[in-house]
Amino acid sequence: MNWLSSSQGVVLTAYHPSGKDQAVGGNHGKGGEEATSSRKYGQYTMNQEFTNVPEKPPFDRSSSQDSLDELSLETYWTEIENIKKSSENRQDQEVVVVKEPDEGELEEEWLKEAGLSNLFGESAGDPQESMVFLSTLTRTQAAAVQKRVETVSQTLRKKNKQYQIPDVRDIFAQQRESKEKAPDGNDSQSVRTNENKYQGKDDQASSLVVGEKELIPLVPEEAPASETDTNLVVSFAEQAANQKESSKEKAQESKDGDANFRLPKDKTGTTRIGDLAPQDMKKVCNLAFIELTALYDIWGIELKQQKAVKIKTKDSGLFCIPLTVLLEQDQRKIPGTRIPLIFQKLISRIEEGGLETEGLLRIPGAAIRIKNLCQELEAKFYEGTFNWESVKQHDAASLLKLFIRELPQPLLSVEYLRAFQAVQHLPTRKQQLQALNLLVILLPDANRDMLKALLEFLQRVIDNREKNKMTTMNVAMVMAPNLFMCHTLGLKSSEQQEFVMAAGTANIMHLMIKHQQLLWTIPKFIVNQVRKQNTENHKKDKKAMKKLLKKMAYDREKYEKQDKSTSDADVPQGVIRVQAPHLSKVSMAIQLTEELKASDVLARFLSQESGIAQTLKKGEVFLYEIGGNIGERCLDDDTYMMDLYQLNPNAEWVIKSKPS
């Protein structure tokens, strides 16, 4: 792989086994001139300086040929070749410039993303406002925050900014007092989170070694997989820190190579993305961002967010349209649309042709025909005059991949694409999966929804692997270049590094497809942190309200009595009152038992429906936990109501449909 660099950005040419260099990036001016607008669709430019990589001995591909065959990387390189051919027949588009923050800005941006921007700058306020949030952090999360706070403090002092610069010792003084007993019952010593470079890669058994880089091997489809519950109760970074410090690290790392990870059963219910109210989801994202940073810190992986600072795109059409603009366009046609209509239609067209077609997604359509179809779709799709019968199945698959590649910003987002790529550097599959879980939580809603639809479709393709010959591994090899390599934001790469990136991104794609159910789960430890934040905020608000009432000479005793009995009025101990304002039976007292589940509560209400309401099906209405230590949470069917009641005794219980 070769790079041509300038002060404005870089252009990438990718290696292919044929020996040809293939353009994967755009054309840029030389000598620091402005990048030109003649780039291929779906490519990105970066305003950044690249670290010089020391020269290494030439990479001997033949020495690793057996491993290459095992990983089926030929499929990957063939897809790169197909992408190049399709790009040659496409028109050019404005460059998207991606900028890295300057010195000090990186940490300030990090604190903003973590919900702690009020600690610094013009918006700096009383650090006490963040104390509730900081008090809920684990030791590794706190270490990640403290590291960035210290860096920003030093930078602001160097620049002599006239903003309030709190001493990091003041910010974390209360934090240290509350952390004398670790929140997860973990009393082990603090973790080094700054200069820890990844050690111990030699602990992996039967891994693929490429030069000095070792990869976790992809598991053959037919390999028997052990069932392993994922631990969603303890912080992922805490688990990694304990593993790193433990003498059992070697044994643990070698065991998860062929594990089939599954969701553990949780009596208080599994929380999925979309189950929480927006205000709680925002807290989840702040915590997920800090947790991801803490996990990467433990292994010395740098988490750098990128920003798209120059984007000139079409404001209408189908291809090369920003996802949010495309959805706004579609929602004017069909209100409530969450997945682009063209994306949905392309998937439907592929499925109409039957998912048993051999080589589906792998065999490309004719490049000239694809170009003509794109132009025709742009002109006729929204008019409803496009003839879908003329679209061959392989052409529809090529159009689907083209649509993904040509999004002005990558589906995995400019901000987090590098973090997705960096997942391959985590030492175990379990930690890679944990990082992917956090990254999916952090994606913008539109990107996350479309990624979910894509992964579900890919799984349906794989379900027909006996006839279409497209195993999870094969599909991962085909799709990885379309999600990762066409928006390359990486460092200057050699052929060896490009090979590592190919195998690494294919491995990430493999994990996302295989474990997609896990990725849309919000870890319980994060939900518990949100509950703790809400509880502390309620205490603070209640204290302020009491003070206000006293000042206004109200009867404080009367207020406290009302406040205490609001949620328990006329409800005996061990009974909850469930509200169903949209059903014929609007309220019902339910006796709690150890076996009572959320699905049982729903069944009792639905069994009493009559008339139009009787047509309501399971899955159209849900039981919600509202208030107490949570804003709002949709309960899964297997939630044990008594266990949840004990966790949140002040909640109200309401049956309603999910917002669209």
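In what follows, the accompanying structure is described. Quick caveat: nothing in here was measured; it's all calculated off a predicted structure. (Residues numbered from 1 in each chain as written. Predicted model: local features only at pLDDT ≥ 70, side-chain atom pairs only at ≥ 80, totals over all residues. Heavy atoms only, no water.)

Assigned secondary structure in the protein chain consists of 25 helices and 15 strands. Scored against the burial criterion, the 660 residues of the protein chain give a buried share of 52%. Partitioning the intrachain contacts of the protein chain with sequence separation of at least 6 by distance along the chain shows that 77% fall at a separation of at least 24. (Helix = DSSP H or I, 4+ residues; strand = E, 2+ residues; numbered from the N terminus. Buried < 20%, exposed > 50% of the residue type's maximum accessible area, 1.4 Å probe, protein only. Contact = heavy atoms within 4.5 Å.)

With that settled, the discussion passes to the nonpolar core. In terms of nonpolar packing, the biggest core is built from 131 residues, with Tyr296, Phe343, Leu458, Leu483, Phe484, Met509 and Met512 touching the most fellow members. Counting residues domain by domain, this core receives three or more from each of domain 1 (72–101 + 228–246 + 257–551) and domain 2 (103–161). Aside from chain neighbours lying at most four places away, what touches Leu483 is Ile404, Leu412, Leu417, Leu451, Leu454, Met509 and Met512. One finds Val601, Leu635, Tyr645 and Ala651 within the second-largest nonpolar core, a separate group that totals 22 residues. (Core = buried A, V, L, I, M, F, W, Y, C linked by side-chain atoms within 4.5 Å. Domains from an automatic or database assignment.)

In the structure shown here, the tally under the stated rule is 8 aromatic pairs. Ring centres of Phe381 and Tyr382 lie 5.1 Å apart, and the angle between their planes is 75°; on these two criteria the pair is classed as edge-to-face. Classification of Phe381 by relative accessible area gives buried; the value is 14%. By relative accessible area, which is 24% here, Tyr382 ends up partly exposed. Consider the rings of Phe381 and Trp388, whose centres lie 6.4 Å apart with planes at 85°: the pair is edge-to-face. Here the aromatic residues Phe381, Tyr382, Phe386 and Trp388 are joined through ring pairs into a cluster of three or more. It is Lys267 that lies over the ring of Tyr640; its NZ or CZ is 4.9 Å from the centre. Here Lys658 stacks its cationic end above the ring of Phe622, 5.6 Å away from the centre of that ring. (Phe/Tyr/Trp six-rings, centres within 6.5 Å; stacked < 30°, edge-to-face > 60°. Lys NZ or Arg CZ within 6 Å of the ring centre and 35° of its normal.)

Before going further, it helps to spend a moment on helix α16 (residues 429–442). With 14 residues, α16 should cover 20 Å at 1.5 Å per step; its first-to-last C-alpha distance of 20 Å lies within 8% of that length. Across the 14 residues that make up α16, a large majority, 13, are buried. (Expected span 1.5 Å × (residues − 1).)

None of this, on its own, says anything about what the molecule does.
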